[in-house]
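One letter stands for each residue in the lines below.
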Amino acid sequence: MIFFILFAWMTGLVYLAFLIIVFVGLLRLKDSPLVEDDSLLPTVSIVVAARDEETRIGRLLDSLQDQDYPHGKVEVIVVDDRSSDNTSSLVNHRKGGSLDFQVLRIRDGETPSGRSPKKYALSKGIEITTGEVIVTTD
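Below, the structure is looked at part by part. This is a predicted model, so every value here is computed, not measured.

1. Here we look at the pairing of strand S1 (residues 44–50)
- For S1, the tally of buried residues reaches 7 of 7 residues, placing the bulk of the element in the interior.
- Going residue by residue along S1, you find Val-44, Ile-46, Val-48 and Ala-50 tucked away on one face and Ser-45, Val-47 and Ala-49 tucked away on the opposite face as well.
- Judged from the 7 bridges that link them, S1 and strand S2 (residues 74–81) form a sheet pairing that is parallel. Counterpart to Ala-49 in the pairing with S2 is Val-79.
- Note on the crossover from S1 through helix H2 (residues 57–65) to S2: the handedness is right-handed.
- Sheet analysis places S1 next to strand S4 (residues 133–137), joined by 5 bridges and oriented parallel. Paired with Val-48 across the bridge in S4 is Thr-137.

2. Some details on the environment of Asp-138
- Topologically, Asp-138 is positioned in the segment after S4.
- On the accessibility criterion, Asp-138 (52% relative accessible area) is exposed.
- Sequence-wise, Asp-138 and Lys-119 are 19 residues apart; in three dimensions their C-alpha atoms are separated by 11 Å.
- Among residues more than four places away in sequence, those in contact with Asp-138 are Val-48, Ala-49 and Lys-118.

3. Considerations on the packing of aromatic side chains
- Applying the stated criterion across every chain, the model contains 1 aromatic pair.
- Seen from their ring centres, Phe-3 and Phe-7 are 6.5 Å apart, and the 20° between their planes marks the pair as stacked. With Phe-3 and Phe-7 both in helix H1 (residues 2–30) and 4 residues apart, the pair spans about one turn of that helix.
- A relative accessible area of 66% places Phe-3 in the exposed class.

4. Some words on the side chain of Arg-82
- Mapped onto the elements of the fold, Arg-82 is located in the loop between S2 and helix H3 (87–92).
- One polar contact links Arg-82 to Asp-81, side chain to side chain, over a distance of 3.1 Å.

5. Side note on H2
- Turning to H2, its buried residues number three or more, namely Ile-57, Leu-60, Leu-61 and Leu-64. The arc that holds every buried residue of H2, seen down its axis, measures 95°, which confines them to one face.
- Close packing links the buried residues of H2 with S1, S2, H3 and strand S3 (100–106).

6. Topic: the side chain of Lys-73
- Inspection of the secondary structure assignment puts Lys-73 in the loop between H2 and S2.
- Nearest to the buried, unbridged Lys-73 among oppositely charged side chains is Glu-132, at 5.5 Å.
- A distance of 3.3 Å separates a polar side-chain atom of Lys-73 from the backbone oxygen of Ser-39.
- In this view, Lys-73 contacts Asp-38, Ser-39, Leu-41, Pro-42, Thr-43 and Val-44; residues no more than four positions away in its chain are not counted.

Parameters and conventions
Residues numbered from 1 in each chain as written. Predicted model: local features only at pLDDT ≥ 70, side-chain atom pairs only at ≥ 80, totals over all residues. Heavy atoms only, no water. Buried < 20%, exposed > 50% of the residue type's maximum accessible area, 1.4 Å probe, protein only. Helix = DSSP H or I, 4+ residues; strand = E, 2+ residues; numbered from the N terminus. Pairing = 2+ DSSP bridges. Right-handed = clockwise from strand over helix to strand, strands pointing away. Contact = heavy atoms within 4.5 Å. Phe/Tyr/Trp six-rings, centres within 6.5 Å; stacked < 30°, edge-to-face > 60°. Polar contact = N/O pair within 3.5 Å; in protein donor to acceptor, adjacent residues only side chain to side chain. Arc of directions from axis to C-beta. Lys, Arg positive; Asp, Glu negative; His and termini not counted. Salt bridge = Lys/Arg side-chain N within 4 Å of Asp/Glu carboxyl O.

What follows is the structure, given as C-alpha cells:
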C-alpha cells in the first residue's frame, strides 16, 4: 500500500514538472520577436512532384499563391513526372503571376532502374532549387 502511495506521489510530481516546463515554454514563446522586415526572411523553394494531376494541380497552386509569405521570396518547382495529361501545360499557364512557377519534366525511361519514380522526381526538382529552405509536397 505504501509503495502505491509513493508511486502515485512520484507520478504526480513528474506530471507537475512536465506542466511547469510546458507553461514556461509557452511564456517564452510569446517573447519571440516577429520578423517585420521581409528582407530578413529566408528564401523558400517548394518542390511539387505531380503525375497526372490536371484535376487537382490548380487547387494546389491556388493554395500556394494564397500564402502570406512574401512572393518574391518563394519559388515553386513543379516536377511533371511522366504525366499523360495536361498537368505541365496548366502550370505553364500560371507563369507570370505573383509566384514564380517552374516546370521540370521527367520523360519516360529517364528514371534509373530500381529507383522510385517519385523520389527521382523530387531529387531532380531539389537539384535546381535556389531557396535557403526547401519544402516538398505533392
